[in-house]
Amino acid sequence: MSHLVLAFDTASDSVAIALGLREGLDVELLATCDFPARRAANLRLLDSVAQLLRDNGRAVNELSEVVVGHGPGSFTGVRIGVASAKGLAHGLGVPLYGVSTLDAVAWRLADRDTLVGVVADAMRSEVYPVLFRVEPGHVERLGPDRVMRPEYAAAEFAEISEPILLTGDGLGKYSSLFTDALPNHSTIAEEPLWTPSGAGLIAAYQAALSSGGLGDGDPALVLPVYTRMSDAEENEQRRIRDGAL
Amino acid sequence: MRNSDIDAVHAIETAVFPSPWSRAMFMEESARENDRVWIVAEAGNELLGYAGIMLVGEDAHIMNLAVRRDARGRGLGSALLSAVIDGAVCRGAVHVTLEVRESNVAAIGLYESAGLHDVGMRPGYYSGGGENAVIMWSDDMNAPGMQARRGQLAARAESVLADFELHDGSELVLGIESSCDETAASVMRGGNELVSSVVASQIVFHSRFGGVVPEIASRKHTEAIVGVIDEALARAGESLGLDGPLPIGDLSAIAVTHGPGLVGALVVGLAYAKGLSLATGVPLVGVNHLEGHIFANMLADPTVEPPLVALLVSGGHTSLVHMPAWGEYHTLGETLDDATGEAFDKVAKVLGLGYPGGPILSTYAADGDPAAIDFPRAMMRSGDYAFSLSGLKTAVINHIRHEREAGREIDIPDLAASFQQAVIDVQVSKSVRAAEECGVKMFCLAGGVAANAALREALREALEAIGVRMSVPPFALCTDNAAMIAAAGTYRFRRGERLGLDAEAVPGLRLG
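Residues numbered from 1 in each chain as written. Chains lettered and ligands numbered in written order. Predicted model: local features only at pLDDT ≥ 70, side-chain atom pairs only at ≥ 80, totals over all residues. Heavy atoms only, no water.

Caption draft 1: Examining the overall build of chain B more closely. When you go through chain B residue by residue, the secondary structure sums to 16 helices and 16 strands. If one aligns the C-alpha atoms of chain B with their principal axes, the spans along those axes are about 105 × 50 × 35 Å. The long-range fraction of contacts in chain B, counting pairs at least 24 apart against all pairs at least 6 apart in sequence, stands at 68%. Treating the 39 positive side-chain charges of chain B as one cloud and the 64 negative ones as another, the clouds have centres 3 Å apart. (Helix = DSSP H or I, 4+ residues; strand = E, 2+ residues; numbered from the N terminus. Contact = heavy atoms within 4.5 Å. Lys, Arg positive; Asp, Glu negative; His and termini not counted. Charge placed at Lys NZ, Arg CZ, Asp CG, Glu CD.)

Here you go:
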């Protein structure tokens, strides 16, 4: 029995959409639709989903599961994707699963054989850095999602002797910071690969299916991964630390 | 059929019948409630057809049925017939009868499809050419065969109504609200019958910051939205006597607040609602949050109708709106800076009294002297309807600093009462002038600050003095809720307004 899967991600300035066909733990990629949409995800996401379904001769009620990139990324961007996915899955009565936006970026490089450093833009002079061990057809995450200043991430990567292939939309602002810190053992992936793709999402979903941890599919329980609190809460924490409260 | 329909009804009548009824006949019919059933079909603001039945004991005599020429051929006549017959049967009719021109083959076919048959002829019945009338009668409308036929007719009528985007007044609409710090969902039937209403307040998460933190609001909406909608559908299922939750597919529309409000908060409700609409095919309607607050008044009191002026005062808004007719709004003025509720919050925060500031300060104010401190009445004589509260807030904060520096203890009740009075004086003065200038007899107070008893009473007194009635909804309908969004959404849905999948949140959405 095959299941039609819809996956999308709006955590970055690119919208990534894919249709897949799952049989057991295998997911076959059927079609994708990836396009840049800076601050326009809410405008373009669902029309593009409807179009992709139509183009592939599928009706929305044929979907049997929905997958959403849950970040980290732009807070509002991630929420647009997650809230749209909740509405879709809830309305269809099908499971909703969240996968990491950064995994979807790493899986775009799954044909390589190298250490991959994904450095996504976290705004406010910070990045979301995660390392992945990539072998052809296999991507292994080496650490959790987190947020930090790019110079700390670069210093951490610099301590690794192995060559690192860098990717992620944080490189738009900080590529020279990273190449300066890793002068001899870093390369930068081609810019079109820096953001999640529909194919990357489906691959990340398939990997998560086999490794477990996708949750029970309840659309109420899939939430964005932010990695940091709101400014108001961070300031409060700071005041508590400083003994002002 | 209301009196306001009669012009349009009479226009169709004269256009389609060789010897039409007079306007006075329709007026007389419309006034007879006990032994008549009149139904009109409207799409948007246009009347497309009508039908009327006279009840005589157990007999229902179909007196008139007409469809505007340009709306024919799509089953509207059959839908009208189905509706009047069902209306008559509900009122105890057993048999249906009528006369029809012998030459009107189409009408005879229509009546035959409803189970009426030819029982005789009245020769020369019609004036003018003296055409013969065919007399038709139905069997017992409650006999099993006739019930089945009525069911079929009603089902077809439903699809005809959907084709015309017409509604029988009992449509179920889900409202979704996430413009500030309440995640809310509600199901309304027919735009005025509350089926369920759920509000998940985030107030505890914002209170320690002394105001709504937009990022926290957006996060909490994302966490709550599915649960809140589930709860609203489950309670709707209970109210409607279903075995489980109300299926989303049974809704006629999904109405969502698309502005004004906090953009990040609006986005969550809107993106969710669009996903739900795409998944289920249920049409999506966008509602202006402020329009929702006005509709909250109509929910609480069905006699409230335009022309009216509304004052919307809450933690996020301070607006005076003129509503001359249904669907028509003119924003007369808004705050140039802080919203009213926000000013209360900020003053309470400076005094260290907690959050939200409105109820806390108004409690203190009840024991204070409103004339103790002469705070500025900003924009009181500006000649327009704009409000400014930041000057007053600054004056209050400066007063507090000044007193503290002078080592004097602040009399909180006096300060609260004087601050509140300054707010009230301006709002009452502008409200009264707006009601006078717009020439309305109805005034609506709405928004969370409507809970302020002193403001309510001062407004009511000032408006009554000029012969204007004031309406205030109960507190649960004053604060943000989704029942008001579903009610306003039902109205927009009936007018054929829809939001596409490309709709975006409009944080500064204007009302008129």
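Caption draft 2: Structural detail: the domain arrangement of chain B. Residue and element names in this part refer to chain B. With domains assigned, chain B is organised as domain 1 (3-164), domain 2 (172-295) and domain 3 (301-478). Here the C-alpha centre of domain 3 lies 27 Å away from the C-alpha centre of domain 2. Listed as interface residues are 15 residues of domain 2 and, on the opposing side, 16 residues of domain 3. The contact between domain 2 and domain 3 buries some 1,200 Å² in all, and 73% of this surface belongs to carbon and sulfur atoms. Sorting the residues of domain 2 by area buried against domain 3 places Leu290, His293 and Ile294 first, and these three jointly supply 49% of that buried surface. Taken together, the links from domain 2 to domain 3 amount to 0 salt bridges. Along the contact surface separating domain 2 from domain 3 lie 3 residue pairs in polar contact (both at pLDDT 80 or more). Elements with a minimum of two residues in the side of domain 2 that touches domain 3: helix H6 (203-207) and helix H9 (289-300). (Domains from an automatic or database assignment. Buried area = accessible area lost by both parts, 1.4 Å probe. Salt bridge = Lys/Arg side-chain N within 4 Å of Asp/Glu carboxyl O. Polar contact = N/O pair within 3.5 Å; in protein donor to acceptor, adjacent residues only side chain to side chain.)

Caption draft 3: Geometry of the pairing of strand S8 (residues 182-189) of chain B. All names here are of chain B. Burial analysis of S8 places 7 of its 8 residues in the buried class, the great majority of the element. Of the strand pairs in this sheet, strand S7 (residues 172-177) and S8 are connected by 6 bridges, and their pairing is antiparallel. Opposite glycine 175, over in S8, you have serine 186 as the bridge partner. Note: S8 against strand S9 (residues 193-201), 8 bridges, orientation antiparallel. Bridge pairing in S9 places serine 186 opposite serine 197. (Buried < 20%, exposed > 50% of the residue type's maximum accessible area, 1.4 Å probe, protein only. Pairing = 2+ DSSP bridges.)

Caption draft 4: How the structure looks around the interface of chain B and chain A. With 30 residues of chain B at the interface, the matching set in chain A holds 32 residues. Here chain B and chain A share an interface that buries about 2,600 Å² over both sides, 65% of which is from carbon and sulfur atoms. Looking only at chain B, the three residues that lose the most surface to chain A are Arg219, Thr222 and Leu278 of chain B, adding up to 22% of its buried area. In this structure, the connection of chain B to chain A is made through 2 salt bridges.

Caption draft 5: Local environment of a nonpolar patch on the surface. A surface patch of nonpolar side chains, amounting to about 240 Å² of accessible area, comprises Ile203, Val204 and Phe205 of chain B. For phenylalanine 205 of chain B, the location among the structural elements is in helix H6. (Patch = residues over 30% accessible without salt bridge, like charges linked within 9 Å, V, L, I, M, F, W, Y side chains within 5 Å. Areas by Shrake-Rupley, 256 points an atom, 1.4 Å probe, with all protein chains shown as cover.)

Caption draft 6: Spotlight on the pairing of strand S12 (residues 308-313) of chain B. All names here are of chain B. Among the 6 residues that make up S12, 6 are buried, leaving the element largely enclosed by the rest of the structure. Of the two faces of S12, both are covered, the one formed by Leu308, Ala310 and Leu312 as well as the one formed by Val309, Leu311 and Val313. Joining the antiparallel neighbours S12 and strand S13 (residues 318-325) is a turn of 4 residues. Of the strand pairs in this sheet, S12 and strand S15 (residues 442-446) are connected by 4 bridges, and their pairing is parallel. Across the sheet, alanine 310 pairs through a bridge with cysteine 444, a residue of S15.

Caption draft 7: Summary view of empty space enclosed by the protein. Residue and element names in this part refer to chain B. Evaluated as defined, the whole model comprises 1 cavity of 30 Å³ or more. When its volume is computed, the largest cavity comes out at roughly 70 Å³. Around the largest cavity, the lining residues are Pro376, Arg377, Ala378, Phe387, Ser388, Leu389, Leu392, Ala422, Val423, Val426 and Gln427. Per-element tally for the lining of the largest cavity: the top contributor is helix H13 (residues 412-438), with 4 residues. In terms of residue class, the lining of the largest cavity is built from 8 nonpolar, 2 polar and 1 charged. (1 Å grid on protein atoms, 1.4 Å probe; cavity = no way out; pocket = protein on both sides within 12 Å on 5 of 7 lines; lining within 4 Å. Points joined across faces, edges and corners; volume = space filled by probe spheres on them. Nonpolar A, V, L, I, M, F, W, Y, C, P; charged D, E, K, R; others polar.)

Caption draft 8: View of the packing of aromatic side chains. One pass over the structure, following the stated rule, counts 13 aromatic pairs over all chains. Here tryptophan 326 of chain B and tyrosine 491 of chain B contribute two aromatic rings whose centre-to-centre distance is 5.9 Å and whose plane-to-plane angle is 35 degrees, an arrangement assigned as tilted. Residue tryptophan 326 of chain B is found in the loop between S13 and strand S14 (328-334), and its partner tyrosine 491 of chain B is found in helix H16 (residues 483-494); the two are separated by 165 residues along the sequence. Three or more aromatic residues joined by ring pairs form one cluster here, namely Trp21, Phe26, Trp38 and Tyr50 of chain B. For arginine 219 of chain B, the ring lying beneath its charged end belongs to phenylalanine 75 of chain A, and the centroid distance is 4.9 Å. (Phe/Tyr/Trp six-rings, centres within 6.5 Å; stacked < 30°, edge-to-face > 60°. Lys NZ or Arg CZ within 6 Å of the ring centre and 35° of its normal.)

Caption draft 9: How the structure looks around the sheet that holds strand S10 (residues 253-259) of chain B. Residues and elements named next belong to chain B. A sheet is described by the order of its strands in space; here 5 strands give the open sequence S9-S8-S7-S10-S11, paired in mixed fashion. Strands with a single pairing partner mark the edges of an open sheet, and in this sheet they are S9 and strand S11 (284-288). Averaged over all neighbouring strand pairs, the angle between strand axes comes to 20 degrees, with direction disregarded. Where S10 lies against S11, 5 bridges are found, and the strand directions are parallel. If you follow alanine 255 over to S11, its bridge partner there is valine 285. Across the sheet, helix H8 (residues 263-280) lies against S7, S10 and S11, angled at about 155 degrees from S10, the strand it touches most. (Axes fitted to C-alpha atoms, helices over the stretch in contact; angles between N-to-C directions.)

Caption draft 10: Up close: helix H3 (residues 76-90) of chain B. Residues and elements named next belong to chain B. In a regular helix each residue adds 1.5 Å, so 15 residues correspond to 21 Å; H3 covers 21 Å between its end C-alpha atoms and thus fits that length. Counted residue by residue, H3 has 12 buried out of 15 residues, so it is predominantly covered. Those residues of H3 that fall on the buried side of the exposure criterion are Leu76, Gly77, Ser78, Ala79, Leu80, Leu81, Ser82, Val84, Ile85, Gly87, Ala88 and Val89. Of the residues flanking the end of H3, it is glycine 92, one or two places downstream, whose phi is positive at about 100 degrees. (Expected span 1.5 Å × (residues − 1).)

Caption draft 11: Highlighting the packing of helix H2 (residues 75-92) of chain A against H8 of chain B. Between H2 of chain A and H8 of chain B, the shortest axis-to-axis distance is 7 Å and the interhelical angle comes to 35 degrees. Note on packing geometry: the crossing formed by H2 of chain A with H8 of chain B is right-handed. In this structure, H2 of chain A uses Thr76, Arg79, Ile80, Ala83, Ser84, Lys86, Gly87, Leu88, His90, Gly91 and Leu92 of chain A to contact H8 of chain B, whose residues at the interface are Val267, Val268, Ala271, Tyr272, Gly275, Leu276, Leu278, Ala279 and Thr280 of chain B. In the contact of H2 of chain A with H8 of chain B, the residues fall into 11 nonpolar, 7 polar and 2 charged. (Left-handed = near helix turned anticlockwise from the far one by under 90°.)

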